[in-house]
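Structural overview
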Amino acid sequence: MTAVPEPRALRPVQPEPGVLVHPRSDRRLAVEHWLLSTLSEPGRARAQWQEYGAALLPLGTLFSAVRIPARLVVALTASTEASELDDFLDQALDGGPVIRDPHHSRYYALVPAGMPATWRQAVDDWRTVDVDCLGRDSYLGVPPVSAVECNPPTHAPYWSVPMSSPGMLCAPLTVARLIAAGRHLLGEGLDA
């Protein structure tokens, strides 16, 4: 009988200090999976992305959206250049995700799912400038996570401010401040 050698003891691996880095492609894939988790059939959304450049996703479960007219953002920036408006929103909303619909001249700031219910009074005031909170029983045309630039010939929606990671949404108070400043500049006053 041959003696079986005893296994060598493995030395524990000591973690090195530093930051765990995830490639952009991994983060985009994680965001895509998170967005598609709102659907029972994610394949349908992928087909819509291919065919239409946007997929209808239900709001009010993982996230909701605040619809902001482009004229409000233009009033805040004094620019109509898409890249300048996108950069402004990125800074003003602290990197919170925003979808732009160039066809209808609107932006959609993605916010926590409960915002429409908790901000009912503010929403009533915001409607004077065509701002609305969309939640349960609403759908949003969400572009693929790779659509991060304006494409004027198609007018397809794109990520004005891409979602940095799953679940990272705009802070409701930051969105409210942006809207209040825009309303003021549009001459609507500060009724809120």
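Reading guide: rules and limits
Residues numbered from 1 in each chain as written. Predicted model: local features only at pLDDT ≥ 70, side-chain atom pairs only at ≥ 80, totals over all residues. Heavy atoms only, no water. Helix = DSSP H or I, 4+ residues; strand = E, 2+ residues; numbered from the N terminus. Buried < 20%, exposed > 50% of the residue type's maximum accessible area, 1.4 Å probe, protein only. Lys, Arg positive; Asp, Glu negative; His and termini not counted. Salt bridge = Lys/Arg side-chain N within 4 Å of Asp/Glu carboxyl O. Polar contact = N/O pair within 3.5 Å; in protein donor to acceptor, adjacent residues only side chain to side chain. Contact = heavy atoms within 4.5 Å. Pairing = 2+ DSSP bridges.

Description of the environment of D94
- Mapped onto the fold, D94 is located in the loop between α4 (82-92) and β3 (98-101).
- In this structure the C-alpha to C-alpha distance between D94 and T174, which are 80 residues apart in sequence, comes to 8.1 Å.

Regarding the side chain of R100
- Topologically, R100 is positioned in strand β3.
- Despite its burial, R100 remains without a salt bridge, the nearest opposite charge being carried by D86 at 5.3 Å.
- A polar contact of 3.4 Å, which involves the side chain of R100, links it to the side chain of Y107.
- Every residue in contact with R100, bar those within four places of it in the chain, is listed here: A82, D86, R106, Y107, C150, P157, Y158 and S160.

Examining unusual backbone geometry
- One non-glycine residue, D94, adopts positive backbone phi at about 50°.
- The exposure class assigned to D94 is exposed, which follows from its relative accessible area of 65%.
- Phi at D130 is positive, roughly 65°, even though this residue is not glycine.
- Considering the arrangement of structural elements, one finds D130 in the loop between α6 (120-126) and β5 (132-134).
- Note on D130: relative accessible area 31%, which makes it partly exposed.

What to know about the pairing of strand β4 (residues 106-112)
- Most of β4 sits inside the fold, with 5 of its 7 residues counted as buried.
- In the sheet, strand β2 (residues 63-69) pairs with β4 via 7 bridges, with the strands oriented antiparallel. Opposite V66, over in β4, you have A109 as the bridge partner.
- Where β3 meets β4, 4 bridges bridge the pair, whose relative direction is antiparallel. For R100, the partnering residue across the bridge sits in β4 and is Y107.
- Turn length for the β3-β4 hairpin, with the two strands adjacent in sequence and antiparallel, is 4 residues, and the turn residue S105 shows positive phi of about 55°.

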